[in-house]
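Each chain, written out:
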Amino acid sequence: MSPLLEVRPLAIGDVLELVPKRFGDDRGYFCEIYNKQRFGEETGAAIQFVQTNQSLSADKATLRGLHFQAPPFAQIKLVWVVRGAVFDVAVDIRLTSPTYGKWASVLLSAEKGNQILVPAGFAHGFLTLEPDTIVQYQVDNHYAPAHDRGIRWDDPEIAIDWPLAGATPTLSKRDAAFPSLSEIETPFGLAGEG
């Protein structure tokens with residue numbers, strides 16, 4: 001294991017938590033958010049990121065997701081928090097995967113500086129745990145509106161245990177109208193395809 005990047009498999013082994021090492025002093029800290037060579041060596045994934053996105057969620061309990069892009073524009077995502085904290089979720093939608101319909105989660109925060117690597121073939125979403133949370137992520141394929149898809153955040157068959165403590169999340173109209181997993185034809189066949 002590199003002293004500069006800690007890699008931890010989550011509940012679904014294909015989904016990874018990454019923790020870049022921070023070097024701190026009285027001014028603050030420095031860390032490498034992404035280093036292509038080290039990333040490839042530590043994760044075993046040769047990924048060429050082509051786009052970086054950022055979102056600001058003004059309110060606590062803002063829920064974005066569950067999003068994915070269909071092949072040939074499926075995306076691998078590397079996600080981290082710049083300010084605040086989120087409960088981040090990846091749902092396996094690879095039809096023949098032994099973990100199809102299962103989810104993995106991690107608490108991402110600016111304070112901790114950790115990341116989640118979400119493979120293609122997974123739907124992704126997050127719930128903000130603090131107001132004015134900024135999330136940033138890199139993807140290995142460009143945004144393709146015609147291939148943009150989603151699944152309901154509260155699909156009872158997936159049964160994500162969102163830490164809402166009785167609150168109702170703030171959703172976009174689009175996200176609130178997504179179908180359940182059983183109502184879509186998943187575009188991902190074998191585990192790892194896409």
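In the block above lies the structure referred to throughout.
This write-up is about the structure you can find in this document. (Residues numbered from 1 in each chain as written. Predicted model: local features only at pLDDT ≥ 70, side-chain atom pairs only at ≥ 80, totals over all residues. Heavy atoms only, no water.)

## Structural notes on helix H1 (residues 36–43)
Three- or four-residue spacings in an α-helix give side chains the same orientation, since the helix completes a turn every 3.6 residues. Those residues of H1 that fall on the buried side of the exposure criterion are Arg-38, Phe-39 and Thr-43. Seen along its axis, H1 keeps its buried residues to an arc of 105 degrees; they face one direction. Counted as exposed and oriented over 90 degrees from the buried face of H1: Lys-36, Gln-37 and Glu-41. In this structure, the buried side of H1 is in contact with strand S1 (5–9), strand S2 (16–20), strand S7 (77–83) and strand S10 (115–118). A distance of 3.1 Å separates the backbone nitrogen of Gln-37 from a side-chain oxygen at the start of H1, and that oxygen is part of Asn-35. In the segment just after H1, Gly-44 is the residue with positive phi, at about 75 degrees. (Buried < 20%, exposed > 50% of the residue type's maximum accessible area, 1.4 Å probe, protein only. Helix = DSSP H or I, 4+ residues; strand = E, 2+ residues; numbered from the N terminus. Arc of directions from axis to C-beta. Contact = heavy atoms within 4.5 Å. Polar contact = N/O pair within 3.5 Å; in protein donor to acceptor, adjacent residues only side chain to side chain.)

## Digging into the pattern of salt bridges
For the structure on display, the rule yields nine salt bridges. Between Lys-112 and Glu-17 there is a salt bridge, with its nearest N and O atoms 3.3 Å apart. You can see Lys-112 sitting in the loop between strand S9 (103–109) and S10 and its partner Glu-17 sitting in strand S2, a full 95 residues away along the chain. With relative accessibility at 40%, the residue Lys-112 sits in the partly exposed group. One continuous salt-bridge network, built from bridges that share partners, spans Glu-6, Arg-8, Glu-17 and Lys-112. (Salt bridge = Lys/Arg side-chain N within 4 Å of Asp/Glu carboxyl O.)

## Quick word on the sheet that holds strand S5 (residues 51–57)
In a beta sheet, neighbouring strands pair by backbone hydrogen bonds and run either parallel or antiparallel. Taken in spatial order, the six strands make up an open sheet running S1-S2-S10-S7-S12-S5, and their pairing is antiparallel. Because the sheet does not close on itself, it has two edges, and the strands there are S1 and S5. Adjacent strand axes in the sheet meet at a mean angle of 25 degrees when their direction is disregarded. Note that S2 and S10 share three bridges and pair antiparallel. From the neighbouring strand, Glu-17 faces S10, where its bridge partner is Ile-116. Docked against the sheet, H1 engages S1, S2, S7 and S10, running at close to 35 degrees with respect to S1. (Pairing = 2+ DSSP bridges. Axes fitted to C-alpha atoms, helices over the stretch in contact; angles between N-to-C directions.)

## With respect to unusual backbone geometry
Of note, the bond from Gly-65 into Leu-66 is cis; its omega dihedral lies within 30 degrees of zero at 5 degrees. Residue placement: Leu-66 occurs in strand S6 (residues 63–69). The omega torsion across Pro-71 and Pro-72 is 5 degrees, close enough to zero to call that bond cis. The residue Pro-72 is located in the loop between S6 and S7 in this model. Phi at Asp-132 is positive, roughly 55 degrees, even though this residue is not glycine. If you trace the backbone, Asp-132 turns up in the loop between strand S11 (122–128) and strand S12 (133–139). The phi torsion at Ala-165 lies on the positive side, around 50 degrees, for a residue other than glycine. Along the chain, Ala-165 turns up in the loop between strand S13 (148–150) and helix H2 (173–176).

## Regarding the pairing of S2
When you tally the buried positions in S2, you get five out of five residues, the bulk of the element. Pairing of S1 with S2 involves five bridges; the strand directions are antiparallel. The residue of S2 that forms the bridge with Arg-8 is Glu-17. Following S1, the chain reverses through six residues before pairing antiparallel with S2.

What is shown is where atoms sit, not what they do.
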